[in-house]
Amino acid sequence: MNACKRTWEVEASRDGRLTGNERMSTERHIELCADCAHERERLEALATALRDLPVRGADELSLRRQRHELLARANAAAAHAERSTSWSLRRKSAVVAALISACALGLLLLWPGSQGSPAGARLVLKPDAFADYTRQTLAGSEIVDLKHGRLTLEVERGDARLRVLVRTPDGEIEDIGTVFTVTVQAARTEAISVAKGRVLARIAGKPERRITAGETHRPYAVSNEGLTVLDPALAPAPPGEARAARALRVHRRTSESPNRAQSSAEGAPAVEPRTAAPAAGDEARPAPTESEVAAEFARAVARVEAHDDARALVLLTLFMDRFADDPRAEDAAFLRVVVLARGSERAALRAAARAYLAKYPHGFRAPEVERLLKESAPPTP
Amino acid sequence: VLQRGRSAARLARFLGRFTGHSPEPAPSPHELVTQNEIQDELSSALGSLATEKRVVLILAEVEGLSCAEIAQALGIPLGTVWTRLHHARRALRKQLERRLP
């Protein structure tokens with residue numbers, strides 16, 4: 001039992017609960033008081049014993065739980081910090097980011113070999129007689145400035161990452177596909193037609209638009225958001241059944257408003273004559289929902305399982321073309337290879353397998369497709 | 001435990017030949033057993049503490065964080081850290097009364 005009434009100050013001093021003068025007074029007292037000196041020794045002994053405890057490794061479950069809690073706390077702290085970040089800090093961050101970007105851009109420009117297209121990539125331009133354009137290569141990007149006329153671009157990327165950008169007087173079109181045509185008239189983009197792959201159209205004052213194979217987009221047709229039509233001449237798959245015919249309908253990429261629906265009905269002149277005819281009796285269709293995409297895929301899979309190979313191939317091809325961005329497109333591509341492997345057309349099988357491997361070189365099914373491709377190779381004499 | 005102590009002592013003597021440093025005298029078997037018992041009892045006492053008290057005690061005594069740093073890390077008031085630390089020490093000392101000075 002401690003007789004001194006100031007022993008509590010030892011722990012308080014150790015924990016930093018005392019101010020400067022109080023602490024000095026306590027230190028002087030400890031030098032003179034045996035009880036308080038003993039108290040300090042006891043506290044130090046406890047601390048030493050705790051430090052000497054062997055650290056045992058945590059089990060996997062505890063580690064996972066702790067990691068999860070830590071991440072949750074870190075996320076919460078980061079979100080809070082982001083909300084409370086002051087303006088000046090943001091400005092400083094912006095300046096630093098700009099400096100880093102400038103340095104990176106400078107390095108790219110000065111780096112030997114950064115000029116010109118990446119190895120293995122190729123861009124072919126096919127202008128019409130009235131096309132007025134310039135082409136330049138900057139830091140591995142092909143930039144085409146189209147002032148007037150019609151220009152078709154064919155991009156062969158190979159394994160290289162080639163960025164192709166077409167700048168028009170009122171916007172830009174970025175290629176993420178392979179073959180497309182841009183028409184500029186009266187200093188504005190009149191039409192963008194995609195034969196293969198996809199492009200992104202960014203026209204001034206309009207939302208960014210993704211145009212896929214077989215579509216022609218007219219930014220200034222009918223309404224402010226433009227009109228996208230599926231072009232039968234560019235449509236990749238032959239429509240062998242009712243679903244294929246439905247795919248050729250005029251459809252809108254964004255949700256319809258009543259005014260727009262009305263203007264669509266009245267806006268037939270905005271569509272090229274060859275597409276206006278099949279579109280005349282069709283209603284405008286919004287972008288497909290998740291359930292619709294799932295239903296389309298299920299229908300194709302059902303045909304595959306029923307060994308109805310002809311219909312399965314059509315449905316799978318249509319699915320791949322319509323929902324190229326959907327993760328199930330890869331499954332559809334693989335199923336197409338499987339269906340062809342069941343048949344006797346080795347050339348078609350090899351083509352489908354190569355198409356899969358070109359599009360999904362690291363896909364889930366790539367090893368199996370490679371094996372099928374190898375097995376379907378013609379025997380060497 | 002004894003075997004481990006002997007092995008450690010042998011290793012220290014062996015290394016001492018090359019480094020020129022004379023190793024500290026190895027603890028006696030009795031000291032090793034006592035130390036082991038203290039550690040077991042301390043582990044048990046530590047495990048009986050409430051989590052919030054145990055966390056504060058370990059952060060302060062083992063990790064060497066100040067009370068202000070602990071308060072900031074755990075998002076609790078400084079006074080709460082002091083209180084938990086005091087109660088945690090008192091509980092441990094009560095359970096290890098025979099072992100610690």
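On a predicted model such as this, the values are computed, not experimentally measured, just so you know.

So, about the overall build of chain A. Across its full length, chain A holds 13 helices and 11 strands. Residue burial in chain A is summarised as follows: out of 381 residues, 37% are buried. Within chain A, contacts between residues at least 6 apart in sequence are counted, and of these 45% link residues at least 24 apart. Looking at chain A as shown, the accessible area adds up to about 22,400 Å², and 57% of this sits on carbon and sulfur atoms.

This part is about the overall build of chain B. Across its full length, chain B holds five helices and zero strands. Put simply, chain B runs from its N terminus to its C terminus through helices and strands in the order α-α-α-α-α. Counting across all 101 residues of chain B, residues that qualify as buried make up 26%. Partitioning the contacts of chain B with sequence separation of at least 6, the portion at a separation of at least 24 is 56%.

Attention shifts here to the pattern of salt bridges. One pass over the structure, following the stated rule, counts 21 salt bridges over all chains. Taking the shortest distance from any N to any O, the salt bridge between Glu 11 of chain A and Arg 89 of chain B comes out at 2.7 Å. Taken as a pair, Glu 11 of chain A in helix α1 (residues 8-15) and Arg 89 of chain B in helix α5 (residues 78-95) lie in two separate chains rather than in one. Arg 89 of chain B carries the same exposure label as Glu 11 of chain A, and that label is buried. Residue Arg 311 of chain A pairs with Asp 308 of chain A through a salt bridge whose shortest N-O separation is 3.3 Å. A relative accessible area of 40% places Arg 311 of chain A in the partly exposed class. The exposure class assigned to Asp 308 of chain A is partly exposed, which follows from its relative accessible area of 21%. Sharing partners across several salt bridges, the network here consists of Glu 11, Arg 14, Asp 15, Glu 44 and Arg 51 of chain A together with Glu 61 and Arg 89 of chain B.

Note: α-helices contain 3.6 residues per turn, so residues at a spacing of three or four share the same orientation. Given a rise of 1.5 Å per residue, 18 residues ought to cover 26 Å, and the 26 Å separating the end C-alpha atoms of helix α3 (residues 34-51) of chain A matches this to within 8%. Turning to α3 of chain A, its buried residues number three or more, namely Cys 36, Glu 39, Leu 43, Ala 45, Leu 46, Ala 47, Ala 49 and Leu 50 of chain A. Of the surrounding elements, those touching the buried residues of α3 of chain A are α1 and α2 (20-32) of chain A together with α2 (29-48), α3 (51-62) and α5 of chain B.

So, on to the interface of chain B and chain A. Each side of the interface is counted separately: chain B has 16 residues, and chain A has 19 residues. Counting across the interface, chain B meets chain A through eight residue pairs in polar contact (both at pLDDT 80 or more). The set of elements that each furnish at least two residues to the side of chain B that touches chain A consists of α2, α3 and α5 of chain B. By residue number, the principal contributor to the side of chain B that touches chain A is α5 of chain B, which donates six residues. Here the residues of the side of chain B that touches chain A sort into 10 nonpolar, three polar and three charged.

Moving on, we get to the confidence of the model for chain B. Looking at chain B as a whole, its pLDDT mean stands at 80, while 72% of the residues score no less than 70. The ipTM value of the predicted complex is 0.72, and its pTM value is 0.33.

Take helix α9 (residues 290-305) of chain A next. With 16 residues, α9 of chain A ought to run about 22 Å at 1.5 Å a step, and its terminal C-alpha atoms sit 22 Å apart, in line with that. At the exit of α9 of chain A stands His 307 of chain A, carrying a positive phi of roughly 60 degrees.

On to the packing of helix α12 (residues 346-359) of chain A against helix α13 (residues 366-375) of chain A, then. All names here are of chain A. Closest axis-to-axis distance for the α12/α13 pair is 9 Å, and the angle between their directions is 150 degrees. What the angle tells us is that α12 and α13 run roughly antiparallel. As for the relative orientation of α12 and α13, their crossing is left-handed in sense. Here Leu 349, Arg 350, Ala 353, Arg 354, Tyr 356 and Leu 357 of α12 come into contact with α13, specifically with Ala 366, Val 369, Glu 370, Leu 372 and Leu 373.

What follows is about the nonpolar core. Judged by nonpolar contacts, the single largest core of 28 residues is most densely connected at Leu 316, Val 337 and Tyr 356 of chain A. Elements with a contribution of two residues or more to this core: α9, α10 (309-322), α11 (328-342), α12 and α13 of chain A. The element that contributes the greatest number of residues to this core is α11 of chain A, accounting for eight residues. One finds Leu 50 of chain A together with Cys 67, Ile 70 and Ala 71 of chain B within the second-largest nonpolar core, a separate group that totals 21 residues.

Right, let's talk about unusual backbone geometry for a bit. Residue and element names in this part refer to chain A. Phi is positive for His 307, close to 60 degrees, though the residue is something other than glycine. As for its placement among the helices and strands, His 307 is situated in the loop between α9 and α10. For His 307, a relative accessible area of 54% gives the class exposed.

Our next topic: the pairing of strand β4 (residues 163-168) of chain A. Residue and element names in this part refer to chain A. Of the strand pairs in this sheet, strand β3 (residues 141-156) and β4 are connected by five bridges, and their pairing is parallel. Across the sheet, residue Val 144 finds its bridge partner in β4, namely Val 166. From the end of β4 to the start of strand β5 (residues 171-175), which pair antiparallel, there are two residues.

All names here are of chain A. As enumerated under the stated definition, the model contains three aromatic pairs over all chains in all. On the basis of an interplanar angle of 55 degrees and a centroid distance of 5.3 Å, the ring pair of Phe 297 and Phe 319 is categorised as tilted. Here Phe 297 is found in helix α9, whereas its partner Phe 319 is found in helix α10, with 22 residues between them in sequence. The pair formed by Phe 297 and Phe 319 is uniform in burial state, with each residue classed as buried.

Now for the pairing of strand β6 (residues 179-185) of chain A. Residues and elements named next belong to chain A. For β6, a buried count of six out of seven residues is recorded, marking the element as mostly surrounded by other parts of the structure. When β6 meets strand β7 (residues 188-196), the two strands line up antiparallel, connected through seven bridges. Bridge pairing in β7 places Val 184 opposite Thr 189. What sits between β6 and β7 in their antiparallel hairpin is a turn of two residues, with Ala 186 showing a positive phi close to 50 degrees.

All names here are of chain A. Position of Lys 374 relative to the elements: it lies in helix α13. Of the residues examined, Lys 374 reaches a relative accessible area of 68% and is grouped as exposed. Spatially, the C-alpha atom of Lys 374 lies 9.8 Å from that of Ala 353, the residues being 21 residues apart in sequence.

Rules of the game
Residues numbered from 1 in each chain as written. Chains lettered and ligands numbered in written order. Predicted model: local features only at pLDDT ≥ 70, side-chain atom pairs only at ≥ 80, totals over all residues. Heavy atoms only, no water. Helix = DSSP H or I, 4+ residues; strand = E, 2+ residues; numbered from the N terminus. Buried < 20%, exposed > 50% of the residue type's maximum accessible area, 1.4 Å probe, protein only. Contact = heavy atoms within 4.5 Å. Areas by Shrake-Rupley, 256 points an atom, 1.4 Å probe, with all protein chains shown as cover. Salt bridge = Lys/Arg side-chain N within 4 Å of Asp/Glu carboxyl O. Expected span 1.5 Å × (residues − 1). Polar contact = N/O pair within 3.5 Å; in protein donor to acceptor, adjacent residues only side chain to side chain. Nonpolar A, V, L, I, M, F, W, Y, C, P; charged D, E, K, R; others polar. pLDDT = per-residue confidence, 0-100. Axes fitted to C-alpha atoms, helices over the stretch in contact; angles between N-to-C directions. Parallel < 35°, antiparallel > 145°, perpendicular 65-115°, else oblique. Left-handed = near helix turned anticlockwise from the far one by under 90°. Core = buried A, V, L, I, M, F, W, Y, C linked by side-chain atoms within 4.5 Å. Pairing = 2+ DSSP bridges. Phe/Tyr/Trp six-rings, centres within 6.5 Å; stacked < 30°, edge-to-face > 60°.

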